[in-house]
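# Summary of structural features
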Amino acid sequence: MSDPSLWQRLLAGLGGPAPGTGARAAWTEFLDRSRLVAALIFILTVAAIVLVSSAGLTTLDAPLRLNQPATARVVAQASFGYESAEKTRAAREQFRNRVPPIYRLDPEPLRRFEAAANLLLPQLAEFERTHPGDASSALLRFQPELARIAAAFNAPGPYHAAPEDIAAVLGAGDAATRAALFDEGLRALRDIYAQGVADASLGGTGADGLVAFQVRRADDTASSQPVQSLEDALAVLRGSLAGDQVPRVAAQAVFRLFRFGVTPNLVFDRLATAAREEAVSQALRPVTVRVVQGQTLVEPGDKVTPEVFELLNAHRNYLREHADAATQEGLTLLGRVLLVVAMVIASLIYIRIEDAETLRSNARIGLLALVVIANLTLIRANYSLGGAEFFLRDEAWGSTLPYVAPTALAPLLVAILIDAGSGIFMALLVSIFTGVIYGNRLDLLVLTFLASLVAIHAGREARRRGAVVRAGGMGGLTMAAAAALIGLADQTPLETLGRQMIAGLGAGLLTGVAVVGLLPVLESLFKRTTDITLLELTDFNHPLLRRMQLEAPGTYHHSLVVAQLAENAAGAVGANPLVARVAALFHDVGKTERPACFSENQRDRANVHAGLAPAESARLIRRHVPDGIELARRHQLPRAVTDVIRQHHGTTLVRYFHQRALESARARGEPPPAEADFRYEGPRPETREAAIIMLADGVEAATRSLRQPGPEDLQQVIQRVVAERLGDGQLDEAPLTFEELARVRGSFQFTLQNMLHARVAYPPANEPAARGTPAG
């Protein structure tokens, strides 16, 4: 069962209402300063970061995509072997390329020419019968008839016999001679085609002009066979026709016709070649790959080729099938967990050296822990998306995931809520763990750290919510530019590169929007106040300021002057001028509950203190501090403003009514009243801004009594007020040095001299201007 009082104390520590202001303040102080709470935050932070950045991150689940850079370094957790289909395919491809092509001898060219030659002989015999006479004059007398014979001969094939060639054959002899010459020529062609005629495009030369080719025979076997070139085949044909008993003229005439019958008949046999390649590749045994334990399978950033992808899958399958190997994987992860713990400890040492104030405030430590854990959780969730079916199927989109990770979220939040130094440290921490999550990727660590630094630089002094979004966009633009440079160096496809750049820029803009949305929540939860919120409070239409203008105009004017004094003085000593200005505007807001009790608001009203006892008047005066705190709580003013309302009077004495009480007691012969009844409850100022506002409040009130304030008068009043506060111990808890107090006094005097300067008295319009005075 829950304890109601415990929940009330917890809500009090987070800023909610609790029974009793003192209990709430004590519980808040305990939560913020307790070393026990700090130790608990440390333990929870370490456990959460280890859980987010390491648990479940094994090489079995690393989202490695084909043809994309590896996101993690994978080391073999055990020795294993596997049959590599990729290596086997590559080896078989090499063997296929070594298999010589197979050809076949095409008989069709010889058949066509034989048919054409056998048709030509009867046509020549018929021509001689119908056209007796000298054959040598036939060309001149019967050229049309010879042309028809030549056309009939050329029709079956790509022959180019001319009438002159037909006339030459007619002149070679009678029909018997021509038949004998044709038989000899056809016999020579059969021998030539049986040997094979290769086209010149096949290339190669061999002994005696012959080139060996793999030729398929009739029984479907293939063997190496020398094949003639076209020139060699023509030479063989010429030699076969030029016999001893054949007239040279007749042999040349027949050769002129038979040369058209010699064409390449060596044809590439695609089916036989493919069958031979397949037979050779199948004869090759599968390639077996052996991997030894500790061998690096892939480095971060290396391209995951099909061969590497197969290797990684084989490694995963082996680890899933062998429990002892999975144990080794767990031991590796244990070492990684120890590394994360060491990094967290190193980070704490860095905080102690560079930002000791953070270690003294559990609220700051809790803020840092919360934002870093939340940021790393988002990064881990983004990393886990890589295992989704969509990203596994679409490699181009999968490659954008590292650029979508919102790594600048925590750094930008911390830079705005705490300071830029803490934001830079947070950027380094988040970038380191991002690199760990993505498999110790140094490139991703550098890129995310650079993008976060750019975002911090652009948003460290943001006073508008739009400036925060622009800062996130600048970080995203940096990531997009880095993606472009890396993509061009790695020759990434333009489509993938464009997606990566859009992802980086979009993530930056969304990070800025998320920061704007989270700032109010974190400000309320951890009692932090940003310049954005403070600047919004300077709007004079704020309900409290508007009420002050209408109901307590004197107090409102007094607050404006104090705000100007405090803002200038804060800037002079390196405090936060905006905090000083805003807190000064609201420091006396409690006077709106009883404005008539304060002289600056009385004007023509009667003095309400005339009929009251001094102690009662002092109580009413002091009451404006708790009234102001209640109004601040009701209107949800930041803690920095509420603290100033509570501390701007410290434990000072309401001197005027205390003096009246002393005089009244002496007159009646009574003992003097207790001074504690006339002092504010405090606490004393604990920040430089609160101390400056206390001094500005006193100086502004004191200078109102000066009729014609000159530089010396102002200096004396300022020194007197500061000395009184110092003597009363009101500045004992404020982190102001005497050197800074001197600068505060100088700032007060400079500001008041410019605010209270004298003006030239202009004469009425009907009187001449005095000599030496300006005329306009």
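The structure presented is a predicted model; accordingly, all values stated were derived computationally and were not measured.

## Quick word on the overall build of the protein
Scanning the protein from terminus to terminus reveals 36 helices and 9 strands. For the protein, buried positions account for 45% of its 776 residues. For the protein, the share of sequence-separated contacts (at least 6 apart) that also reach a separation of at least 24 residues comes to 76%. By element, 58% of the accessible surface of the protein is carried by carbon and sulfur atoms, the whole surface being about 39,100 Å².

## Examining the side chain of Asn601
Its location among the elements puts Asn601 in helix H29 (residues 599-602). Given the relative accessible area of 3%, Asn601 is considered buried. Within the structure, Asn601 has its side chain in polar contact with the backbone nitrogen of Gly554 (distance 2.9 Å). Only 2.8 Å separates the side chain of Asn601 from the side chain of Thr555, close enough to count as a polar contact.

## Focus on a nonpolar patch on the surface
Taken together, Phe42, Ile43, Ile345, Ile349 and Ile353 make up a surface patch of nonpolar side chains, about 480 Å² in accessible area. Put simply, the parts of the chain that give the nonpolar patch at least two residues each are helix H3 (35-54) and helix H14 (323-354). The element contributing the most residues to the nonpolar patch is H14, with 3 residues. One can find Ile345 in helix H14.

## A look at the packing of helix H30 (residues 614-622) against helix H31 (residues 624-634)
Angle between the axes and distance between the axes: these two values describe a pair of packed helices. Taken N-terminus to C-terminus, the directions of H30 and H31 make an angle of 25 degrees; their axes are 5 Å apart at the nearest point. By the angle between their directions, the pair H30 and H31 is classed as roughly parallel. Judged by residue contacts, Leu620, Ile621 and Arg622 of H30 engage His624, Val625 and Pro626 from H31.

## A closer look at the environment of Asn154
Mapped onto the elements of the fold, Asn154 is located in helix H7 (residues 143-154). Not counting chain neighbours up to four residues away, the residues in contact with Asn154 comprise Tyr159, His160 and Ala161. Here the side chain of Asn154 touches Ala161 through a polar contact of 2.9 Å, landing on its backbone nitrogen.

## Here's the deal with the environment of Leu367
Secondary-structure assignment places Leu367 in helix H16 (residues 362-384). Counting along the chain gives 51 residues from Leu367 to Ile418, while the straight-line C-alpha distance between them is 9.3 Å. For Leu367, the contacting residues outside a window of four places in its chain are Leu417, Ile418, Leu522, Phe526 and Arg528.

## Topic: the nonpolar core
Membership of the largest hydrophobic core comes to 65 residues, with the highest contact counts inside it found for Phe586, Ile692 and Phe748. The contacts of Phe748, once residues within four sequence positions are left out, are Leu565, Ala569, Ile692, Leu695, Ala696, Val699 and Ile718. In terms of nonpolar packing, the next biggest core, distinct from the first, is built from 48 residues, Val37, Leu359, Val515 and Leu519 among them.

## As for the packing of H16 against helix H21 (residues 420-437)
Remark: H16 packs on H21, axes separated minimally by 10 Å, with the N-to-C direction vectors making an angle of 30 degrees. Considering the angle they form, H16 stands roughly parallel to H21. For the element pair H16 and H21, the recorded crossing hand is right-handed. In this structure, H16 uses Leu368, Val371, Val372, Asn375, Leu376, Ile379, Arg380 and Tyr383 to contact H21, whose residues at the interface are Met426, Leu429, Val430, Phe433, Thr434 and Ile437. Looking at the contact of H16 with H21, its residues break down into 11 nonpolar, 2 polar and 1 charged.

## Points about the confidence of the model for the protein
Model confidence for the protein is summarised by a mean pLDDT of 81, while 86% of its residues fall at 70 or above. The low-confidence segment residues 1-21 (pLDDT under 50) makes 20 contacts with residues lying over four places distant or belonging to another chain. Confidence over residues 769-776 falls short of pLDDT 50; this stretch has 4 contacts with residues more than four positions distant or in other chains.

## Quick notes on the environment of Asn601
With 46 residues separating them along the chain, Asn601 and Thr555 place their C-alpha atoms 6.6 Å apart. Those residues within four positions of Asn601 in sequence are excluded, and the remaining contacts are Ala552, Pro553, Gly554, Thr555 and Pro595. A polar atom in the side chain of Asn601 sits 3.3 Å from the backbone oxygen of Pro595.

## A word on the pattern of salt bridges
A full pass over the atoms with the stated rule returns 33 salt bridges. For Glu616, the salt bridge goes to Arg619, with nearest N and O atoms at 2.6 Å. Here the residue Glu616 and the residue Arg619 both occupy positions in helix H30, the gap between them amounting to 3 residues, near one helical turn. A salt bridge links Arg684 to Asp732, with the shortest nitrogen-to-oxygen separation between them at 4.0 Å.

## Some words on the packing of aromatic side chains
Overall, the coordinates contain 10 aromatic pairs when judged by the stated rule. Centroid distance Phe182 to Phe258: 5.1 Å. Interplanar angle 80 degrees. Geometry classified as edge-to-face. In this pair, Phe182 is assigned in helix H9 (residues 175-195) and Phe258 in helix H11 (residues 248-258), connecting sequence segments 76 residues apart. Comparing Phe182 with Phe258, the two get one shared label, buried. Here a set of aromatic residues connected by ring pairs shows up, and it is made of Phe113, Phe153, Tyr159, Phe182 and Phe258.

## Some details on helix H24 (residues 494-526)
Along an α-helix, a turn takes 3.6 residues, which lines up residues three or four apart on a common side. The first and last C-alpha atoms of H24 sit 46 Å apart over 33 residues, in line with the 48 Å expected at 1.5 Å per residue. Remark: the principal bend of H24, roughly 35 degrees, maps to Leu518, with a proline, Pro520, within the next four residues. Phi turns positive one or two residues past the end of H24, at Lys527, with a value near 55 degrees.

## Remarks on unusual backbone geometry
A negative phi angle characterises most non-glycine residues, just as the trans form characterises most peptide bonds. Cis peptide bonds are those with omega within 30 degrees of zero, and the linkage from Gly682 to Pro683 qualifies with 10 degrees. Within the element layout of this structure, Pro683 appears in the loop between helix H33 (655-668) and helix H34 (688-703).

## Thoughts on the side chain of His649
Position of His649 among the secondary structure elements: in the loop between helix H32 (639-647) and H33. Excluding its chain neighbours within four sequence positions, the residues that come into contact with His649 are Asp588, His624, Val625, Tyr680, Met694, Asp697 and Gln730.

## A closer look at helix H28 (residues 577-586)
Counting buried residues in H28 gives 8 out of 10 residues, a clear majority hidden from the surface. Of the surrounding elements, those touching the buried residues of H28 are helix H25 (531-537), helix H26 (543-551), helix H27 (553-573), H32 and H34. Of the residues that open H28, the one with a side-chain oxygen 3.0 Å from the backbone nitrogen of Leu578 is Asn576.

What counts, and at which threshold
Residues numbered from 1 in each chain as written. Predicted model: local features only at pLDDT ≥ 70, side-chain atom pairs only at ≥ 80, totals over all residues. Heavy atoms only, no water. Helix = DSSP H or I, 4+ residues; strand = E, 2+ residues; numbered from the N terminus. Buried < 20%, exposed > 50% of the residue type's maximum accessible area, 1.4 Å probe, protein only. Contact = heavy atoms within 4.5 Å. Areas by Shrake-Rupley, 256 points an atom, 1.4 Å probe, with all protein chains shown as cover. Polar contact = N/O pair within 3.5 Å; in protein donor to acceptor, adjacent residues only side chain to side chain. Patch = residues over 30% accessible without salt bridge, like charges linked within 9 Å, V, L, I, M, F, W, Y side chains within 5 Å. Salt bridge = Lys/Arg side-chain N within 4 Å of Asp/Glu carboxyl O. Axes fitted to C-alpha atoms, helices over the stretch in contact; angles between N-to-C directions. Parallel < 35°, antiparallel > 145°, perpendicular 65-115°, else oblique. Core = buried A, V, L, I, M, F, W, Y, C linked by side-chain atoms within 4.5 Å. Left-handed = near helix turned anticlockwise from the far one by under 90°. Nonpolar A, V, L, I, M, F, W, Y, C, P; charged D, E, K, R; others polar. pLDDT = per-residue confidence, 0-100. Phe/Tyr/Trp six-rings, centres within 6.5 Å; stacked < 30°, edge-to-face > 60°. Expected span 1.5 Å × (residues − 1). Bend = angle between axes of the 7 residues up to and from the residue.

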